[in-house]
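# Summary of the model geometry
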Amino acid sequence: MKLHIVDGTYELFRAHFAQPTRLAPDGMHVSAIRGLIISLMSLINDEQVSHIAVAFDSSIKSFRNQIFPNYKDGSDTPDELLMQFPLAERVVEALGIKCWPSFDYEADDTLGSAAIKFSQLEHIDQVVICSVDKDLCQIVSGEKIVCLDRKNKKIIDEIEVQNKFGVIPSSIPDYLGLMGDAADGIPGIPKWGSKSASSLLARYLTIENIPSDNNLWDVKVRGAHTLSKNLEENRQNAYLYKQLTTIKTDVEISENISDLKWVGVIEKDFVTICDELGLENLKSLI
């Protein structure tokens, strides 16, 4: 049995920017909602999904903004997309899919926690995280927990994480902490890039294990003296950035696997939403 858990926030963003502008009868933008419905129904039909849940970032800010004010706060999210988030949760429920809103945490934390919890069940062969977010690659474990790039139809297992980033999954927070992540507002350590970060972490695994004196490094890295100097001047920042990019895996997931079984669309609710939003043509999907 496979469990598919979906990054709903990513799906909404992807749909919003890929779909032509579409307005509901009351003038509300519904392009992202339309794309979300099409995407989820395609997943269910193409992958023969039996168990599924979707997680959303239901709040703009999380605990990470409290420890680092410059962390992404959603201020660059278009208003016409932002207003569709509450409706998206209602749509997912109408599709008969379990919806996980995220408030103090981010959707990534919910997805990571769910992946860890359900992967421990003997009758779960694989947990498939439907997301291209590189942060979630730290949750990947062998072929038991994988990420799915649906756009390119590519499975990202542990070997693929190493091929792509040059580090094992557990080193991804260190990797992002050193080189930074502009999408999340994390600046990283000056002069550190993907090549230098992966070279050092492939050997030392964590930032904490990287010797403070580059003369003790037993891997060759271009500009080692400058990299070492910048790291030592910013060690505490590096640890903070690593903390920000580390996915929480202890978010409470109260559902049992049986609660995530997809038994079909709640037809009455779905038809009502389609009529309300002027998306009558989507009723043919069910």
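This text follows the structure it describes.
Quick summary incoming for the structure in this document.

Let us look at the pairing of strand E2 (residues 51-57). Counted residue by residue, E2 has six buried out of seven residues, so it is predominantly covered. Of the pairings in the sheet, the one linking strand E1 (residues 2-7) to E2 comprises five bridges and is parallel in character. Residue pairing in the sheet places aspartate 7 in a bridge with alanine 55 of E2.

Summed over the entire model, instances satisfying the criterion amount to six aromatic pairs. A ring pair is formed by phenylalanine 68 and tyrosine 241, whose centres lie 5.9 Å apart and whose planes are at 70°; its orientation type is edge-to-face. In this pair, phenylalanine 68 is assigned in the loop between helix H3 (63-67) and helix H4 (79-82) and tyrosine 241 in helix H11 (residues 235-245), connecting sequence segments 173 residues apart. On the basis of relative accessible area, tyrosine 241 is assigned to the buried category, the value being 7%.

Within the secondary structure, isoleucine 168 sits in the loop between helix H7 (158-165) and helix H8 (172-179). Judged by its relative accessible area of 29%, isoleucine 168 is partly exposed. It is 9.1 Å that separates the C-alpha atoms of isoleucine 168 and cysteine 137, two residues lying 31 residues apart in sequence. Those residues in contact with isoleucine 168, other than ones at most four positions away along the chain, are Gln162 and Leu205.

The next point concerns the nonpolar core. A general tendency of soluble globular proteins is for nonpolar side chains to be buried together. By size, the foremost hydrophobic cluster in this structure holds 51 residues, and its most contacted members are Ile5, Trp100, Leu178 and Trp192. Among all residues touching isoleucine 5, those that are not within four sequence positions of it are Ala53, Trp100, Leu111, Ala114, Ala115, Val127, Val128, Ile129 and Cys130. Counting residues in hydrophobic clusters, the runner-up holds 36 residues, among them Ile33, Phe56, Val92 and Cys99.

Reading the values: rules and limits
Residues numbered from 1 in each chain as written. Predicted model: local features only at pLDDT ≥ 70, side-chain atom pairs only at ≥ 80, totals over all residues. Heavy atoms only, no water. Buried < 20%, exposed > 50% of the residue type's maximum accessible area, 1.4 Å probe, protein only. Helix = DSSP H or I, 4+ residues; strand = E, 2+ residues; numbered from the N terminus. Pairing = 2+ DSSP bridges. Phe/Tyr/Trp six-rings, centres within 6.5 Å; stacked < 30°, edge-to-face > 60°. Contact = heavy atoms within 4.5 Å. Core = buried A, V, L, I, M, F, W, Y, C linked by side-chain atoms within 4.5 Å.

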